[in-house]
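Secondary and tertiary structure notes
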Amino acid sequence: MTVQKVTFKNQYQMNVAGNLYLPKGMDKNQQHAAIIVGHPMGAVKEQSADLYATKMAEQGFVTLSIDLSFWGDSEGQPRNAVSPDLYSETFSAAVDYLGTRPFINREQIGSIGICGSGSFAISAAKIDPRLKAIATISMYDMGAANRNALNHSLSLEQRKEIIADAAQQRYVEFLGGERKYTSGTVHEINENSHPIEREFYDFYRTPRGEFTPKGSSPLLTTHPTLTSNVKFMNFYPFNDIETISPRALLFITGDQAHSKEFSEDAYKRAAEPKELYYVPGAGHVDLYDRVDLIPFGKLNDFFTKNLK
């Protein structure tokens, strides 16, 4: 295949960066189906999204891995800011770009959203019918994850404390004080580290998946800004998910994934056609890069059927 670095504008005239993958021997005089691939929350396209784009291009699809606004090579200040609306807009901007390429059939554009991008792709699809088929991998509902934490373990009082801390930090930064960051992946583990911390550390803090974008620092990768992260509290991507029908939805999660509650919730709320697919023996991060576990054949069948 051939790979091209591309940039294009979103609706707010911010540059979005991506890698465009063209299958080997593709006839540019014909129109082809295309798939947009979004990276995990806090990651960049080089972390998981490029892998999925490569593998799907090998199966004959034109693919486009993207950096969400404020991350990687895409524009947006401050870096690592959270804006669910602009994250979802990145998917629609990618449709704008692909749908205006002469070798793309604009009626055959789908998306793959990994981790947090699964919820952003769904949010985009609710108001962008040009996305004809949506698959999510190890999806996180970033709204619910921040409001309630996993398994609804965060109390309302704790949520309010987080919101209050972020609000007070706005004063500090407005007056020119030091910016603060939150959540993301820990930088060291020990015997007391939680299994989920270990799972993310093994990808983001080791050669397996570590990547520091130009102009950033390993100390900042994966960490959203504290003041903006509360924007997720107002993010409800699964509300009205049933309105995506009759476009198809595929939710892929590991049967051992700590995040499977989000795929299960989305599947329950969605209307047909829909499918919830469990990968036996797979955890959340396994589906970022474990090619022996990722069901690329399932994805190929899904998009071949629904992008036609």
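Scope of this entry: the structure provided in the associated data block. Nothing here was measured: the structure is a model prediction, and the numbers come from that model.

What follows is about the overall build of the protein chain. The number of helices and strands found in the protein chain is 10 helices and 8 strands. Taking 308 residues into account, the globule formula puts the C-alpha radius of gyration at 19 Å, and the protein chain, at 19 Å, falls close to it. For the protein chain, with 308 residues in total, the buried portion stands at 55%. Contacts spanning at least 24 positions in sequence make up 71% of the contacts within the protein chain whose residues lie at least 6 apart. As displayed, the protein chain offers around 13900 Å² of accessible surface, 50% of which is attributable to carbon and sulfur atoms. Taking the average place of the 32 positive charges on the side chains of the protein chain and the average place of its 36 negative ones, the gap between the two points comes to 5 Å.

For strand S7 (residues 248-254), a buried count of 7 out of 7 residues is recorded, marking the element as mostly surrounded by other parts of the structure. Going residue by residue along S7, you find Ala 248, Leu 250, Ile 252 and Gly 254 tucked away on one face and Leu 249, Phe 251 and Thr 253 tucked away on the opposite face as well. Taking the sense of rotation as the criterion, the β-α-β connection linking S7, helix H8 (residues 260-269) and strand S8 (residues 274-279) turns out right-handed.

So, about the pairing of strand S3 (residues 32-38). Look at any regular strand and the pattern is simple: side chains alternate between the two faces of the sheet. The buried fraction of S3 amounts to 7 of the 7 residues, a majority that puts the element mostly inside the structure. Pairing of S3 with strand S5 (residues 104-114), which is carried by 6 bridges, proceeds in the parallel orientation. Counterpart to Ile 35 in the pairing with S5 is Gly 110. In the sheet, S3 pairs with strand S4 (residues 62-66) via 5 bridges, with the strands oriented parallel. Looking at the pairing, Ile 36 lines up with Leu 64 of S4. Running through helix H1 (residues 49-58), the crossover from S3 to the neighbouring parallel element S4 is right-handed.

To continue, consider the side chain of Glu 261. Relative to the helices and strands, Glu 261 resides in helix H8. Of the buried charged residues, Glu 261 lacks a salt bridge, with Lys 260 as the closest side chain of opposite charge at 9.9 Å. Residues within four places of Glu 261 in sequence aside, it is in contact with Leu 150 and Asn 151.

What follows deals with the packing of aromatic side chains. Per the stated rule, a full pass over the model turns up 14 aromatic pairs. The interplanar angle of 55° and the centroid separation of 6.4 Å between the aromatic rings of Tyr 87 and Phe 232 together place this pair among those described as tilted. Taken together, the positions of Tyr 87 in helix H2 (residues 84-99) and Phe 232 in the loop between helix H7 (226-229) and S7 put the pair 145 residues apart, joining distant regions of the chain. Ring geometry for Phe 302 against Phe 303: centres 4.9 Å apart, planes inclined by 75°, an arrangement best described as edge-to-face. Of the two residues, Phe 302 and Phe 303, neither departs from the other in class, the shared state being buried.

Moving on: the sheet that holds S8. Sheet architecture is open: 8 strands sit in the order S1-S2-S4-S3-S5-S6-S7-S8, paired in mixed fashion. Two strands close off the open sheet at either side, each with one partner strand: strand S1 (2-9) and S8. Direction aside, neighbouring strands of the sheet carry axes that sit 20° apart on average. The pairing of strand S2 (residues 15-22) with S4 spans 4 bridges and is antiparallel.

With that settled, consider the environment of Leu 150. Relative to the helices and strands, Leu 150 is located in the loop between helix H4 (142-148) and helix H5 (156-174). Accessibility expressed as a relative area gives 18% for Leu 150, which makes it buried. As for Leu 150 and Ser 259, which are separated by 109 residues in sequence, their C-alpha atoms are 7.5 Å apart.

Below, the discussion takes up H1. Along H1, the residues that are buried comprise Ala 49, Asp 50, Tyr 52, Ala 53, Met 56 and Ala 57. Down the axis of H1, the buried set is contained in an arc of 160°. They therefore lie on one face. Note on H1: the residue one or two positions beyond its end, Gly 60, has a positive phi of about 105°.

Criteria and thresholds
- Residues numbered from 1 in each chain as written.
- Predicted model: local features only at pLDDT ≥ 70, side-chain atom pairs only at ≥ 80, totals over all residues.
- Heavy atoms only, no water.
- Helix = DSSP H or I, 4+ residues; strand = E, 2+ residues; numbered from the N terminus.
- Rg over C-alpha atoms; globule rule 2.2 N^0.38 Å.
- Buried < 20%, exposed > 50% of the residue type's maximum accessible area, 1.4 Å probe, protein only.
- Contact = heavy atoms within 4.5 Å.
- Areas by Shrake-Rupley, 256 points an atom, 1.4 Å probe, with all protein chains shown as cover.
- Lys, Arg positive; Asp, Glu negative; His and termini not counted.
- Charge placed at Lys NZ, Arg CZ, Asp CG, Glu CD.
- Right-handed = clockwise from strand over helix to strand, strands pointing away.
- Pairing = 2+ DSSP bridges.
- Salt bridge = Lys/Arg side-chain N within 4 Å of Asp/Glu carboxyl O.
- Phe/Tyr/Trp six-rings, centres within 6.5 Å; stacked < 30°, edge-to-face > 60°.
- Axes fitted to C-alpha atoms, helices over the stretch in contact; angles between N-to-C directions.
- Arc of directions from axis to C-beta.

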